[in-house]
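Tertiary structure, described
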Amino acid sequence: MKVGFIGLGNMGSEMALNLLHAGHEVTAYNRTASKVQALVALGAHAAAQAADACRGDVVITMLADDAAVEGVVFGEKGIIAGLGKGTIHISMSTISVALSEHLAAAHAKAGQRYVSAPVFGRPEAAAEAKLFIASAGQTDALDACMPLFEAMGQKTFRIGNNAPTANLVKLSGNFLIASVIESLGEALALVSKAGVDRHQYIDLLTSSLFASPVYKTYGGLLADGKFTPAGFGAPLGLKDVRLTLTAAETLRVPMPLASLLRDRLLALIATGGEQLDWAALGSLAAKDAGVGG
Ligand SMILES: NC(=O)c1ccc[n+]([C@@H]2O[C@H](COP(=O)([O-])OP(=O)(O)OC[C@H]3O[C@@H](n4cnc5c(N)ncnc54)[C@H](OP(=O)(O)O)[C@@H]3O)[C@@H](O)[C@H]2O)c1
């Protein structure tokens, strides 16, 4: 397929590469133009504006946050202006439910199709085409996107016809991951202060009742105390918890744990964690306990 790809950050650069590897024709745009060069060397075309990445069958966005997506979609040389009728915008960034609703309405008004497909998995999973994709949108549009999802992920879930539902599901998942990071950090602070080896402890957990990817990934990062380079930056984590709380407020759903996580992430960022991976959230408990983070 002819695919436009907008947003070559930690995730997007790997995802676009996998589309190329799968034989799709990729035209890439990134705000910082130099990041397109690595892909061009491997056969992609460079787009000077977002609209120039909209000439194919589909355009994918994988951008930091709502502001970035809004700018690229609604800007003067943006996606709404550049995309042909019936052409699909696949929004894969983790954005708010409200923006996703706005995008669905704006694309419908412009005669374009919109699919929401945020992902689970860090940059390493993106590089190995092992993302889990939570997709939602009209059936014909989802069907058309499947070859692209197969090139980027290990499994695609189809959540329904209402695209913003996928964004809500994604946000709920990141709320759960943040909860694991915080609780694992507290448990690690407890046992390591008593002298238990951190790696041995994580090995015990992840070889028994907690044998899941989230405990393995974040347990490993916490035991190593390795928070740079940031595969998923702390500010992006704060953004996701904030968006979860906003969606929860709209739906009138109290989420006390999410409120706590928001403050913990804010504390991390306020005390020097701006550039760290959000896994560093789990090191706060050790600091509070006066043990090595
Ligand atoms: N990293 C993960 O583990 C992970 C996992 C699942 C989902 N996600 C989600 O996937 C999305 C991308 O994450 P990432 O880790 O790839 O982020 P990232 O490395 O920080 O990359 C962000 C991308 O957005 C662009 N961008 C930021 N602000 C912009 C603006 N105002 N206008 C235009 N472009 C802008 C950046 O362009 P420049 O290069 O010019 O800065 C870059 O291409 C986020 O929504 C994140 O929450 C991330």
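Described in the following lines is the structure provided in the data block. Bear in mind the structure is a predicted one, so any value in this text is a computation, not a measurement. (Residues numbered from 1 in each chain as written. Predicted model: local features only at pLDDT ≥ 70, side-chain atom pairs only at ≥ 80, totals over all residues. Heavy atoms only, no water.)

**Overview of the sheet that holds strand β1 (residues 2-6)**
For clarity, the cut-off: Strand pairing is assigned whenever DSSP identifies at least 2 bridges connecting the two strands. Segments assigned H or I by DSSP are reported as helices when at least four residues long, segments assigned E as strands when at least two residues long, and all are numbered from the N terminus. Any two residues whose heavy atoms approach within 4.5 Å at even a single point are treated as in contact. Lines fitted to C-alpha atoms define the axes here, with helix axes fitted over just the stretch in contact, and angles between the N-to-C directions of these axes take values from 0 to 180 degrees.
If you walk across this open sheet you meet the 6 strands as β3-β2-β1-β4-β5-β6, and the pairing is parallel. The open sheet has two edge strands, β3 (45-46) and β6 (113-116), and neither has a second partner. Pairing between strand β2 (residues 25-29) and β3: 2 bridges, direction parallel. Considered in β3, the bridge of A28 is made with A46. Sheet strands in contact with helix α5 (residues 97-109) are β5 (88-91) and β6, and its direction is about 160 degrees off that of β6.

**A look at the site of the ligand**
Heads up, the condition is: One heavy atom within 4 Å of a molecule or strand is enough for the residue carrying it to be called near that molecule or strand. A 3.5 Å cut-off defines polar contacts: any pair of N or O atoms within that distance qualifies, except that in protein one atom must be a possible hydrogen donor and the other a possible acceptor, and neighbouring residues in sequence count only when both atoms are side-chain atoms. For this scheme, ten residues count as nonpolar: Ala, Val, Leu, Ile, Met, Phe, Trp, Tyr, Cys and Pro. Four count as charged, namely Asp, Glu, Lys and Arg, and the remainder, Gly too, count as polar.
In the vicinity of the ligand lie 24 residues, with N30, T32, K35, G231 and K239 positioned nearest. The backbone of G231 places a nitrogen or oxygen atom 2.7 Å from a nitrogen atom of the ligand. Here the shell around the ligand is composed, by residue class, of 10 nonpolar, 9 polar and 5 charged.

**What about a nonpolar patch on the surface?**
To keep things clear, this is the line we draw: Only residues whose relative accessible area exceeds 30% and that take part in no salt bridge are eligible for patches, with like-charged residues grouped when within 9 Å of each other and nonpolar side chains (Val, Leu, Ile, Met, Phe, Trp, Tyr) grouped when within 5 Å. For accessible areas, the Shrake-Rupley method is used with a probe of radius 1.4 Å. Any residue's cover is judged against the shown protein chains and nothing else. Just to be clear on terms, a salt bridge is a Lys or Arg side-chain nitrogen sitting within 4 Å of an Asp or Glu carboxyl oxygen.
Together, F132, F157, I159 and V169 give the surface a local cluster of nonpolar side chains, amounting to about 280 Å² of exposed area. Considering the arrangement of structural elements, one finds V169 in helix α8 (residues 164-193).

**Considering helix α3 (residues 66-74)**
Residue pairs three or four apart in sequence face the same way in an α-helix, which turns once every 3.6 residues. Selection rule: The buried label goes to any residue with under 20% of its type's maximum accessible area, the exposed label to any with over 50%, and the partly exposed label to all in between, with areas taken from a 1.4 Å probe on protein chains only. To obtain the arc, one takes the directions from the helix axis to the C-beta atoms.
Listed as buried for α3 are D66, V69, V72 and V73. Buried residues of α3, viewed axially, fall in a sector of 140 degrees; they line one side. Check the buried side of α3 and you find it contacts β1, β4 (58-61), α4 (79-82), β5, α5 and α11 (234-250).

**Points about the packing of α11 against helix α12 (residues 256-273)**
Packed helix pairs are specified by the crossing angle of their axes together with the interaxial distance, meaning the distance between the axes. What counts here: Angles are sorted into four bins: roughly parallel if under 35 degrees, roughly antiparallel if over 145, roughly perpendicular if 65 to 115, and oblique for all others. By the definition used in this description, the sense in which the near helix is turned from the far one sets the handedness, with an anticlockwise turn below a right angle giving left-handed and a clockwise turn giving right-handed.
Between α11 and α12, whose axes approach to 9 Å, the crossing angle comes to 155 degrees. Put simply, α11 runs roughly antiparallel to α12. Here α11 and α12 pass one another in a crossing that is left-handed. Residues A234, P235, G237, L238, V241 and L245 of α11 lie in contact with α12, whose contacting residues are A258, S259, L261, R262, L265, L266, L268, I269 and G273. For the contact of α11 with α12, the per-class residue count stands at 11 nonpolar, 3 polar and 1 charged.

**A short note on the nonpolar core**
Basically, it comes down to this: Remark: nonpolar core denotes a set of buried residues (Ala, Val, Leu, Ile, Met, Phe, Trp, Tyr, Cys) joined through side-chain atoms within 4.5 Å.
F5, M15, I60, I90, M92 and F149 are the most contacted members of the largest nonpolar core, which totals 35 residues. At the level of secondary structure, the elements contributing two or more residues to this core comprise β1, α1 (12-21), β2, β4, β5, α6 (123-127), β8 (131-135) and α7 (139-152). Per-element tally for this core: the top contributor is α7, with 8 residues. Beyond its immediate sequence surroundings of up to four residues, I90 is in contact with V58, V59, I60, T61, V115, A117, C145, L148 and F149. Among the nonpolar cores identified, the runner-up in size contains 32 residues, and L184, Y218, L268 and A279 belong to it.

**Examining the state of the cysteines**
For the record, the criterion: Any cysteine sulfur atom paired with another within 2.5 Å is treated as part of a disulfide.
A full pass over the atoms with the stated rule returns 0 disulfides. Of the cysteine sulfurs around C145, a residue in no disulfide, the closest is that of C54, at 14 Å.

**Examining the pairing of β5**
Side chains I88 and I90 of β5 all project onto a buried face; the interleaved residues H89 and S91 project onto the opposite face, where all are buried too. Relative to β6, β5 runs parallel, the two sharing 4 bridges. From the neighbouring strand, H89 faces β6, where its bridge partner is Y114.

**Some points on the packing of aromatic side chains**
Let me state the cut-off plainly: Pairing of aromatic side chains requires ring centres within 6.5 Å, counting the rings of Phe and Tyr and the six-membered ring of Trp. Pairs whose planes differ by under 30 degrees are stacked, by over 60 edge-to-face, and all others tilted.
Throughout the structure, instances matching the rule amount to 4 aromatic pairs. On the basis of an interplanar angle of 40 degrees and a centroid distance of 6.4 Å, the ring pair of F132 and F157 is categorised as tilted. With F132 in strand β8 and F157 in strand β9 (residues 153-158), this residue pair connects regions lying 25 residues apart in the sequence. Grouping aromatic residues by their ring pairs yields a cluster made of Y218, F232 and W278.

**Some points on the pairing of β1**
Test applied: Here, the term right-handed applies to a crossover whose path from the first strand over the helix to the second runs clockwise when the strands point away from the viewer.
Burial within β1 is extensive, with 4 of its 5 residues counted as buried. Relative to β2, β1 is paired through 5 bridges, and the arrangement is parallel. Bridge pairing links I6 to Y29 in β2. With respect to chirality, the unit in which β1 leads through α1 into the neighbouring parallel β2 is right-handed.

**Observations concerning the sheet that holds β8**
Read across the sheet, 3 strands follow the order β7-β8-β9 without closing on themselves; strand pairing throughout is mixed. Edge strands, defined here as strands with exactly one partner in the open sheet, are β7 (119-120) and β9. Bridge count for β7 against β8 is 2 bridges, and the pairing is antiparallel. By the bridge assignment for β8, V119 is matched with I133.

The values are spatial; any link to function lies outside them.
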